[in-house]
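Coordinates in review
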Amino acid sequence: MVKRVAIIGAGVSGLTSIKCCLDEGLEPSCFERSDDIGGLWRFTEDVEDGRPSLYKSMVSNTCKEMSAFTDFPYPEDFPVFVSNSQVLEYLRMYAKHFGLLKHIQFKTTVISVRKCPDFSATGQWAIITESNGKQESSVFDAVMVCIGYLSDPSLPLESFPGIETFQGEYFHSRYYKHPDVFEGKRVLVIGMGNSGVDIAVEASRVAKKVMISTGRGAWVISRVFDNGYPWDMVFLTRFMNVIRNSLPGPITTWLVAHRTSQWFDHANYGLIPKERDVIREPVLNDDLPGCIITGKITIKPSLKEIKENSVIFQNSPTEEPVDIIVFATGYKFSFPFLEESVVKVEKKQASLYKYIFPPHLEKPTLAVIGLIKPFGAVMPVVEIQARWVTRVFKGLCQLPPVSTMVEEINETKKNKIRWFGLSYDEILKTDCLVYIDELASLIGTKPNVLALLLKDPVLAMKIFFGPCTAYQYRLTGPGKWNGARHAILTQWDRTVKPTRTRIVEEPPNFCFNLLKLISLFALFAAIFLGFK
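Scoring rules and cut-offs
Residues numbered from 1 in each chain as written. Predicted model: local features only at pLDDT ≥ 70, side-chain atom pairs only at ≥ 80, totals over all residues. Heavy atoms only, no water. Pairing = 2+ DSSP bridges. Helix = DSSP H or I, 4+ residues; strand = E, 2+ residues; numbered from the N terminus. Buried < 20%, exposed > 50% of the residue type's maximum accessible area, 1.4 Å probe, protein only. Phe/Tyr/Trp six-rings, centres within 6.5 Å; stacked < 30°, edge-to-face > 60°. Domains from an automatic or database assignment. Contact = heavy atoms within 4.5 Å. Salt bridge = Lys/Arg side-chain N within 4 Å of Asp/Glu carboxyl O. Nonpolar A, V, L, I, M, F, W, Y, C, P; charged D, E, K, R; others polar. Disulfide = S-S within 2.5 Å. Axes fitted to C-alpha atoms, helices over the stretch in contact; angles between N-to-C directions. Parallel < 35°, antiparallel > 145°, perpendicular 65-115°, else oblique. Left-handed = near helix turned anticlockwise from the far one by under 90°.

1. Describing the pairing of strand β5 (residues 125-131)
The two faces of a sheet get side chains in turn, since along a regular strand they alternate between them. Two elements, strand β4 (residues 109-115) and β5, share six bridges in a ladder whose sense is antiparallel. Along β5, the bridge assignment pairs V110 with T129. Where β5 and strand β6 (residues 134-140) come together, seven bridges link them in antiparallel fashion. Its bridge partner being in β6, A126 is matched across the sheet by V139. Counting the residues between successive antiparallel strands, the hairpin from β5 to β6 contains two residues, one of them, N132, with a positive phi of roughly 55 degrees.

Shown next as structure tokens:
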């Protein structure tokens, strides 16, 4: 029977895994190679081997209500989109509130994770760790791997002819910290993900010239969506998801493109995606269109050649002088402490059931948490993964037969264009609402909207038409939280509180509606007179 669980990493995934183990009565031991919690969200001036790195100005792309853990809302006075330091502060509060720190061994690196000789009977793992130069071996009943995928930069220099002749400076976006490195320079950013665009926008404030090279393009959206509300609280609702997943794929992608282009015409800005039948992760940036229209940033096609002090782009004979090249070319991932027979990584993917379990293990006692790119916030996704995993460890949830798991994994790897709903350009990318609901159904925590409509219609309407915040998965079933209903009903209050810092007396409803009616009549009158 599983009791002792080893957790590798004390970032977002590791912290919620500790808590989920404690909730199920398990005994977690977390090994963290650095001296603090936070993983990606802990800023350091130096880039540390084996852990993620971020730049000083990084702000979350998902709002605080959509990013919160299921039973621990962000403080109401935190801004709607929080900085990396505020995310770290939230994680510290979470760890303190649930007593997680005492289960973490800092400055401890996991060297190897191997099956015990009697694994087929016990499911146990022998783990070798190193701390202060000394190695130690321990046996655990189960393992949760929570190291993420943002530590090993992908830098395919062989794909850029002439890079060996370049006399300027070049580096991967992982090593960027502050914009002063670009002062007075001519900068080229290769790649158009969120980090690349953030870096280009920051560089444009101090650099002489900034260019972004992209072969695929991207949809760019603002954090500020309809009526000034956060994009994800408007976009990620059950009602909208039902509509998106009920329509044929081409119509769904057209609607997304149409909605995105309402802010600005992506074709006119050189940004429109090359492949529009699949969805790339959208770029969340409030400043990019303004930088392009004022000439501070220029969008360029793929690179053709790099010379000593300049570059040549595809379909352009002109050389563009460049001083610094930033490769925002993503990351690759691996599990150096695991044998390939347990988890094999190839072509930027791993064969994992539900992105979590290796299917061929005799006992399901090893799980990977957080190896997924949801279209939405990460925290609720990794938490629901950890909740399901700990219940599988305890035998309260069962995995299907190996053949069924392998069949689903192989089907996922094909990454086919779907007939209905959205299709994604990478296997690791997924619809976060559909995925969370799927795991919640396996646990028994997915809210039943129809049943709620009879019992609590106000709450049911909030759940179906409102933002799909993670508190919904604490309303019922294992781990039910008594504060979940209140958290859902007050989520908009916590959203608008930090922005309503100047109180303005709103007009009475009658006068306001009368004003709208008069405006409508004036509009019709103007149209009528215009055609006379």
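2. Looking at unusual backbone geometry
What you tend to see is this: most non-glycine residues have negative phi, and most peptide bonds are trans. Despite not being glycine, N315 has its phi angle at roughly 60 degrees, a positive value. Take N315: it is sitting in the loop between β16 (310-313) and β17 (319-321). Classification of N315 by relative accessible area gives exposed; the value is 80%. Although it is not a glycine, Y355 sits at a positive phi angle of roughly 65 degrees. Positionally, Y355 belongs in the loop between β21 (349-350) and β22 (366-368). Residue classification places Y355 among the buried positions, given a relative accessible area of 15%.

3. What to know about the packing of aromatic side chains
One pass over the structure, following the stated rule, counts 28 aromatic pairs. Geometrically, the ring pair formed by F239 and F464 is edge-to-face, given 6.0 Å between the ring centres and 65 degrees between the ring planes. Of this pair, F239 sits in helix α7 (residues 238-246) while F464 sits in helix α14 (residues 457-465), placing them 225 residues apart in sequence. For F239, a relative accessible area of 32% translates into the label partly exposed. For the pair F264 and Y269, a centre-to-centre distance of 4.8 Å together with 55 degrees between the ring planes defines the contact as tilted. Comparing F264 with Y269, the two get one shared label, buried.

4. As for the domain arrangement of the protein chain
Each assigned domain of the protein chain is listed with its residue range as follows: domain 1 (4-151 + 333-436) and domain 2 (153-222 + 263-330). Distance between the C-alpha centres of domain 1 and domain 2: 31 Å. Each partner contributes to the interface: domain 1 provides 26 residues, whereas domain 2 provides 19 residues. Our count for the contact surface shared by domain 1 and domain 2 stands at zero salt bridges. Each residue belonging to the side of domain 1 that touches domain 2 can be placed in one class, and the counts come to 10 nonpolar, seven polar and nine charged.

5. Notes on the state of the cysteines
Using the criterion set out here, one finds zero disulfides in the structure. Free of any disulfide, C20 has its nearest neighbouring cysteine sulfur in C21, separated by 7.4 Å. On the basis of relative accessibility, which here comes to 3%, the residue C20 falls in the buried class.

6. What about the packing of helix α10 (residues 379-393) against helix α12 (residues 432-443)?
The contact between α10 and α12 brings their axes to 10 Å, and the two run at 20 degrees. Comparing the axis directions of α10 and α12 gives the class roughly parallel. Classified by chirality, the crossing of α12 by α10 is left-handed. Contacts from P380, V381, I384, Q385, R387, W388 and R391 in α10 reach C432, Y435, I436, L439, A440, L442 and I443 in α12.

7. Details of the pattern of salt bridges
Summed over all chains, the structure comprises 22 salt bridges. The partner of R51 in a salt bridge is E48, with the nearest N and O atoms 3.8 Å apart. For R223, the salt bridge is made with D286, and the minimal N-O distance between the two is 3.2 Å. Separated by 63 residues along the polypeptide, R223 in the loop between β12 (220-221) and α6 (231-235) and D286 in the loop between β13 (283-284) and α9 (288-293) bring together distant segments of the chain. Several salt bridges converge on common partners, so that one network encompasses K19, D23, D71, E383 and R474.

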